[in-house]
Amino acid sequence: MPEEIIVAHESENLTGTVRVSGAKNSALKLVAASLLGQGKTVIHNVPLISDVSIMAEVLRCLGSQVERQGHTLTIDTSTVDSCKTPYNLVSKMRASISVLGPLVGRFGRAEVAMPGGCQIGARKIDMHLVGMQQLGVHFENDHGFLVASTPNGLHGGTIMLEFPSVGATENTMMAAVVAEGVTIIDNAAREPEIEDLANMLNAMGARITGAGTACIRIEGVPLSSMHPCEHYTVGDRIEAGTFLVGGALMGGPLTVEGVNPDHLRMAIMKLRAMGCEVETSDKSVTVRRSAPLQAVDIQTLPHPGFPTDLQAQFMLLTTLAQGNSIITENVFENRFMVAAEMSRMGADVTIEDHHALVRGVSRLQGADIEATDLRAGAALVLGGLIAEGTTRVHNIKHIDRGYEDYVGKLASLGAKVERVVVEDCEL
């Protein structure tokens, strides 16, 4: 069978300016939230990625009309007549569980197939359920479907999350906006995407305060008070961080536009600690490096800590840094699978439990490698640009899930990279 792969050749530098797309992790939830608008919602700055296409299909299966013009999605949910999501779509993407909250809010019930996505850890949805149970939602498991009902209606409550889960915060928030009374979410996720979702919900008629902090307060409104809106998706901080790593890896200067630097504070701090110069403006970040990369220790944590979605990219940086680095993964237990692929390129990485010891080497070598997940794939392509010879990255469907025209954007910065289709005999 033919396979499409990304071929990266050793390149001189990545330099210039690149504009990041709208945030994948925000856009998917904004699309789900449109179900509460019961009309025609317009969302701008939506990335052209496969995950968004899947989420659009999920809404179509529920009865929505979804149209795309460039980076704008128009979603008419006035025709939604189902509260059951299909397995064949939901199993492809974990974020599709995000329709649970708005479906329960709109219909008082939902049937959602158990989610899929990158195999980077168990990522159980227990916290989604615990939070919504406090709002009066009853759950049953029926042949692979999560069946939600509200026998006594939705009501406000005080919810203490065991862990500041992004998905649990979002789902609980989307159900709570139409629950009777006041809901408090303590130990809520603080990611910028949470604030973006709250801004859209408020534009639709919700009453949410505290989004972006550890305590979110939601004053419930009647479903009839919710209406469609027009919203602009926040810039993708993870895509921005990925390109900044590319600039740091190869020297730059490289500028990313369309992102709030405050959303990248920890990543910027680590870039500077590794010997990079970083300049910021209101909506852009520039990185350059003239000195050798220095080793650094990193611990992934919920925002505002170091994002787990940039862990693989920074592991790549540390493989070529002077000295030994220790990376501790505190969010997902399987997110070190990329280390084996980097080792195929000559990296020196030792995994012990949720720690990675990275001993810097002088060079990497091109090899055939596999994208083990979305962020790992993006990192491996960058590695191929600085490795000697040619690198062929397989299983690139993961990259397409979260990066719009990744190869085209890299090429615009001077990368020698291309997508090619190969036959089995060429592999």
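Right above here is the structure, for reference.
Below or above, wherever it landed, is the structure these notes cover.

Rules of the game
Residues numbered from 1 in each chain as written. Predicted model: local features only at pLDDT ≥ 70, side-chain atom pairs only at ≥ 80, totals over all residues. Heavy atoms only, no water. Helix = DSSP H or I, 4+ residues; strand = E, 2+ residues; numbered from the N terminus. Rg over C-alpha atoms; globule rule 2.2 N^0.38 Å. Buried < 20%, exposed > 50% of the residue type's maximum accessible area, 1.4 Å probe, protein only. Contact = heavy atoms within 4.5 Å. Areas by Shrake-Rupley, 256 points an atom, 1.4 Å probe, with all protein chains shown as cover. Lys, Arg positive; Asp, Glu negative; His and termini not counted. Charge placed at Lys NZ, Arg CZ, Asp CG, Glu CD. Salt bridge = Lys/Arg side-chain N within 4 Å of Asp/Glu carboxyl O. Expected span 1.5 Å × (residues − 1). Axes fitted to C-alpha atoms, helices over the stretch in contact; angles between N-to-C directions. Parallel < 35°, antiparallel > 145°, perpendicular 65-115°, else oblique. Left-handed = near helix turned anticlockwise from the far one by under 90°. Nonpolar A, V, L, I, M, F, W, Y, C, P; charged D, E, K, R; others polar. Polar contact = N/O pair within 3.5 Å; in protein donor to acceptor, adjacent residues only side chain to side chain.

With that out of the way, let us pick up the overall build of the chain. Looking only at helices and strands, the chain features 14 helices and 23 strands. Rg of the C-alpha trace for the chain: 22 Å, near the compact-globule value of 22 Å for 427 residues, within the 12% margin. Taking the principal axes of the C-alpha coordinates as reference, the chain spans close to 65 × 45 × 40 Å. In the chain, which comprises 427 residues, the proportion classed as buried is 58%. For the chain, the proportion of contacts with a sequence separation of at least 24, taken over those separated by at least 6, is 73%. When the accessible surface of the chain is totalled, it reaches about 16,300 Å², and 47% of it is carbon and sulfur. On the chain, the mean spot of the 34 positive side-chain charges and the mean spot of the 49 negative ones are 2 Å from each other.

What the rule picks out here adds up to 15 salt bridges. Put simply, Glu219 and Arg207 hold a salt bridge, and the shortest N to O gap is 3.2 Å. Note that Glu219 is positioned in strand 12 (residues 215-219) and Arg207 in the loop between helix 7 (192-203) and strand 11 (208-209), a separation of twelve residues in sequence. Residue Glu219 is classed as partly exposed on the basis of its relative accessible area, which comes to 31%.

Quick look at helix 7 now. Helix length check: helix 7, at twelve residues, gives a terminal C-alpha distance of 17 Å against a target of 16 Å (1.5 Å per residue), a fit within 8%. Taken from the residues just after helix 7, Gly205 is the one with a positive phi, measuring 120°.

The next point concerns the packing of helix 8 (residues 237-250) against helix 12 (residues 374-386). Running from N to C, helix 8 and helix 12 point in directions that differ by 20°, and their axes come no closer than 10 Å. Between helix 8 and helix 12, the interaxial angle falls into the category roughly parallel. The chirality of how helix 8 crosses helix 12 is right-handed. Where helix 8 abuts helix 12, its residues Ile238, Thr242, Val245, Gly246, Leu249 and Met250 lie against Arg375, Ala378, Leu382, Leu385 and Ile386. In terms of residue class, the contact of helix 8 with helix 12 is built from eight nonpolar, two polar and one charged.

Quick look at the side chain of Thr169 now. Along the chain, Thr169 falls in helix 6 (residues 166-176). In this structure Thr169 comes out as buried when scored by relative accessible area, which is 0%. At a separation of 3.0 Å, a polar atom in the side chain of Thr169 contacts the main-chain amide nitrogen of Ala189. Leaving out residues up to four positions away in the same chain, Thr169 has contacts with Leu161, Ile185, Ala188, Ala189, Ile194 and Ile216.

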